[in-house]
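# Chains, contacts and geometry: an overview
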Amino acid sequence: MTKTRWTDLPGKRVLLLLLSSVVMVAMIFAACGDDEEQEQQAAAEAPAEQQEQQQQVMQQEEEEVIWIDIGVVAPSSGSYEVFGHTYEASGKLVEHEINTGAQYCIDQGVCEEGGGFLIDGKLHKLRIHFRDDRSDINAHVAAVRELVRDVGIVACMCGTPHDFAIASAKVTQPAKVLHFSGSSTLEEILTEEATAPGGENRYLFQTETREWQRSGSVMKGAVDLIDPDSEVSVILMLNDATGQFLGPYFKRALEANGQTVPDIIYWDPETTDFSPLFSRAKGHDPDIVLFLYDPDRAIQAIPQALEIGAAKSGYFMFGIDPGEYKKRELQSELPVGMACVPICWGATDRQQAAEYWVRYEEFGNELRSFSSVSLLTYDDYYMLIKAYQAAGTFTDADAVVDALLDVRHDGVIADGFYFDSRHIVAHGTEVCVSRQLEFECQFTPPPDEPPPGTPGF
Amino acid sequence: MIADLWESHGRSASRRLARLARRELTPAQTIIWTALVVVIVLFPTIVSSSRFLDVAVTYGIFAICLYGLGFLYGQTNYLSIAHSALLGVGAYTAAILFIQAGLGFWAVLPLAALLAMVAALLLGYPALRVSGYHFVIVTFAACELFVLATRNLGGAEARKGLTGGAQGLDITEPVGQVFGQSFDINLELEPFYYLVIAFLFVTLIVTQILVASPLGRTFRAIRENEPLARSVGIRANWYKILAFGISGLFAGVAGALFAYKLRHIAPDLFNSFEGVELALMVLLGGSRRLMGPLVGAIIVGFLPEILDVIGIGLTPFQRQIVFGALLIAVIILLPHGLVQGVADLYGVGKRSLGSYLRPPPGPEDGGGASAEPEEPPDGESDQPADEPAEAVGTGEETAEADQEAEQVGSS
């Protein structure tokens, strides 16, 4: 006997189709409910009077204030969280300072007494949208695309490290969104042609100084502080996109400071035993051994170097903050140099930076090994607002870029801070040296000329 | 020769396809497939978030690769970690040929697929001499080898070399137009989404044809009893390498799409961690059902995003922990994947409901024995016995498919 299926009946099939579609669509809507819906739900639960008051205040604010949406996409979790959290920290600090009219903002000549800032006589405030990219390039690009397409941001502090910056710039540039990236490797794509009006990267900015400037100031400071009479240095460099880019720059910078560099030893990101590499370095009988550029690995590696006795005069670690070094209580007979990106919180001679770290901590942020990276965007917010004010608009991206290139900002990192015609900032770097946990720091300005062999010169 | 092949394999495959087309779905399958198709097709309309759409594009591309991986795992029981490297071969082929020869997406697509297939065959030749954990380790090593090679090709000047070193390569042009339709993802997301869906649809059909073909049965015969298969003259190694090659073909297509989605590729995008993630997606969704890899990709792609939305009050780290815990729970509780697990639950529920509603047995029923035969526990009891399995591969085959598989071995 043939069994008739109930789905064979046309009416029931249609019903099934409809039911399943409705259920799935409802599930998707439920899953994709945005913050606005959640806020509405929370608001509905609040007492009626409070709700009314809130609505009045919000209405009043909406009438008077124009909000500028800026995105921050950084890793708050995953392997890059160590420096990602600082972007959110500095972003929240700036948002608070500007929107409440903090003294620093007023001193900068940006803010009004009651908070906010004027563009063309109208009061504006910042609304910063944070997204965690989970240290995943796909999540990063998806978040940038959401902010650009759905939120309508006009600027984005996003794209570190290198791959993230390049991939997200493909989204921001066609949309004419000003894109500030802390990746120091963008120099090769930020050419005069690419950053000119109509160029491929017209709206892309590098918030770290050019590599020949940074490596120049760092290596000068390191050699001066560790041993000015040293002659031979060996570099151990992380073998990733940034490391491969940095290696030749640091070699040239050392050579410009009178050093011979017989070897750059690249180490892979998953390396944990550095003994063979330090033994290879020791074979060159170096005065200084430099370890770049991962601070967490440096903390693991330097004790191995000390045990082997790889260097005669001292060691240098890039990215380690003296504050973090002190916390770990690392002991070394030889001086250990360290540099931050760009100014250390554990020991600094620059007054503006010291005050910034106080504000940073008072705002509830924790000072950690890579907290100094927060400075790579902090000054940029103020520069951006000054550019909006000078251009009289925040919506005309080309006018804002033109104005931004004219801004000279006395900021935390440096006085007279500016972006050059290739959209790259110029500043010095602070280098410190520890002698038995006694620190000496030196802020070295960038060299005037690039060393011989620098690409593009 | 070709006529013979067509006679023996082609006709059989086309007959299978025709049977598939005629096949009637169970109510549960009808609901799920209909809902899935409706949601996929209407996704850009019903979801306003570009972030979700971007994630759908990315994991749609991964799903294409997963069907290759699922095919390999399902048909031969070999779980490869090297598929991220094969994805990388496709992506690098697309990027290098664009930069060096100016070839666009459509020109490079078959080459990317072919090269990834060749890479898979070359890798499969030594790798498939071992099995189990050893195979996983070999493919893991192959993945790392790929990353090391692309990162360091060119030595000290690797970043100026063919692969661009650790900094990778850029593709400056979008996917070429088709009938006037542009696919520049950075200008419009929706056309690229539908492009990926079209590729995914073709992948599904090709997978089903392969599984239902005599070739698929031969693979299953080897999987179920390799010594027996060998004893009757099947060149098991040759077939396993072929399965690996076919799965590489899928990865190559996905790789080319991935390169044109990001328009920037670098070695770290294809490291062994990504390989493990791909394998995880197959395990999560399950390779026993056609829907499995797709569901695996959806879970891994969207669960963190949904947790971001609903996980208010949780820090990003806590959300990651919740995500990890959920994945572990699925793998432990549903070892054959989510889709198979749900199907099993459906079967159990259906039987329980049936026995609850059924009137108590009378004395003539012989002391409680059911008058009707027990349904098999896979929840597919109303599937006609002559239907081919709806599976990428393992274990889900119907009695007939298994019988056929054994016949291949014994003929």
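In this report, we go over the structure that sits alongside the text. (Residues numbered from 1 in each chain as written. Chains lettered and ligands numbered in written order. Predicted model: local features only at pLDDT ≥ 70, side-chain atom pairs only at ≥ 80, totals over all residues. Heavy atoms only, no water.)

### Overview of the overall build of chain B
Defined as follows: Segments assigned H or I by DSSP are reported as helices when at least four residues long, segments assigned E as strands when at least two residues long, and all are numbered from the N terminus. The buried label goes to any residue with under 20% of its type's maximum accessible area, the exposed label to any with over 50%, and the partly exposed label to all in between, with areas taken from a 1.4 Å probe on protein chains only. Residue contacts follow a heavy-atom distance rule, with two residues in contact if any of their heavy atoms lie within 4.5 Å. Residue-level accessible areas treat just the shown protein chains as cover; the underlying method is Shrake-Rupley with a 1.4 Å probe.
The helix and strand inventory of chain B stands at 15 helices and four strands. By the burial criterion, 54% of the 411 residues in chain B qualify as buried. Considering only contacts in chain B between residues 6 or more positions apart, those separated by 24 or more positions represent 78%. Accessible surface for chain B amounts to roughly 17,900 Å². Of this, 68% is attributable to carbon and sulfur atoms.

### Some thoughts on the sheet that holds strand β11 (residues 336-339) of chain A
Residues and elements named next belong to chain A. Worth spelling out the cut-off: A pair of strands is labelled paired if DSSP reports no fewer than 2 bridges between them. Here, axes are lines fitted to C-alpha atoms. For helices the fit covers the stretch in contact, and angles between N-to-C directions go from 0 to 180 degrees.
Strand order in the open sheet formed by seven strands is β8-β7-β9-β10-β11-β12-β13, with mixed pairing between adjacent strands. Only two strands of the sheet have a single neighbouring strand rather than two, namely β8 (264-267) and β13 (438-444). The sheet shows a mean angle of 20 degrees between the axes of neighbouring strands, taken without regard to direction. Judged from the four bridges that link them, strand β7 (residues 233-238) and β8 form a sheet pairing that is parallel. Of the residues in β8, the one forming a bridge with L238 is W267. Its contacts with the sheet put helix α9 (residues 211-226) on β9 (288-292), β10 (314-318), β11, β12 (429-435) and β13, and the angle it makes with β12 is roughly 25 degrees. Each of β7, β8 and β9 touches helix α11 (residues 275-282); the most contacted strand, β8, lies at about 175 degrees to it.

### Quick word on the nonpolar core
Stated precisely, the cut-off is as follows: Throughout this description, the term nonpolar core refers to a set of buried Ala, Val, Leu, Ile, Met, Phe, Trp, Tyr and Cys residues connected via side-chain atoms within 4.5 Å.
If you look at the biggest cluster of nonpolar residues, it comprises 119 residues, and the most contacted ones within it are F43(B), F192(B), L257(B), I265(B) and F270(B). Among the elements that take part in this core, helix α3 (residues 50-76) of chain B stands out by supplying 16 residues, more than any other. By size, the runner-up hydrophobic cluster in this structure holds 116 residues, among which are A155(A), W212(A), Y356(A) and F419(A).

### Quick look at the pattern of salt bridges
Our working rule: Salt bridge, as applied in this entry: a Lys or Arg side-chain nitrogen positioned within 4 Å of an Asp or Glu carboxyl oxygen.
Evaluation of the coordinates by the stated rule reveals 35 salt bridges over all chains. R145(A) is the partner of D54(B) in a salt bridge, and the nearest nitrogen-oxygen pair spans 2.3 Å. Residue D54(B) is found in helix α3, and its partner R145(A) is found in helix α6 (residues 137-151); the two belong to separate chains. In terms of burial, D54(B) and R145(A) fall into one category: buried. A salt bridge links R435(A) to E440(A); the nearest nitrogen and oxygen atoms lie 3.3 Å apart. R435(A) sits in the partly exposed class, given a relative accessible area of 35%. Salt bridges sharing partners connect three or more residues here, namely R131(A), R134(A), E146(A), R51(B), E305(B) and D308(B).

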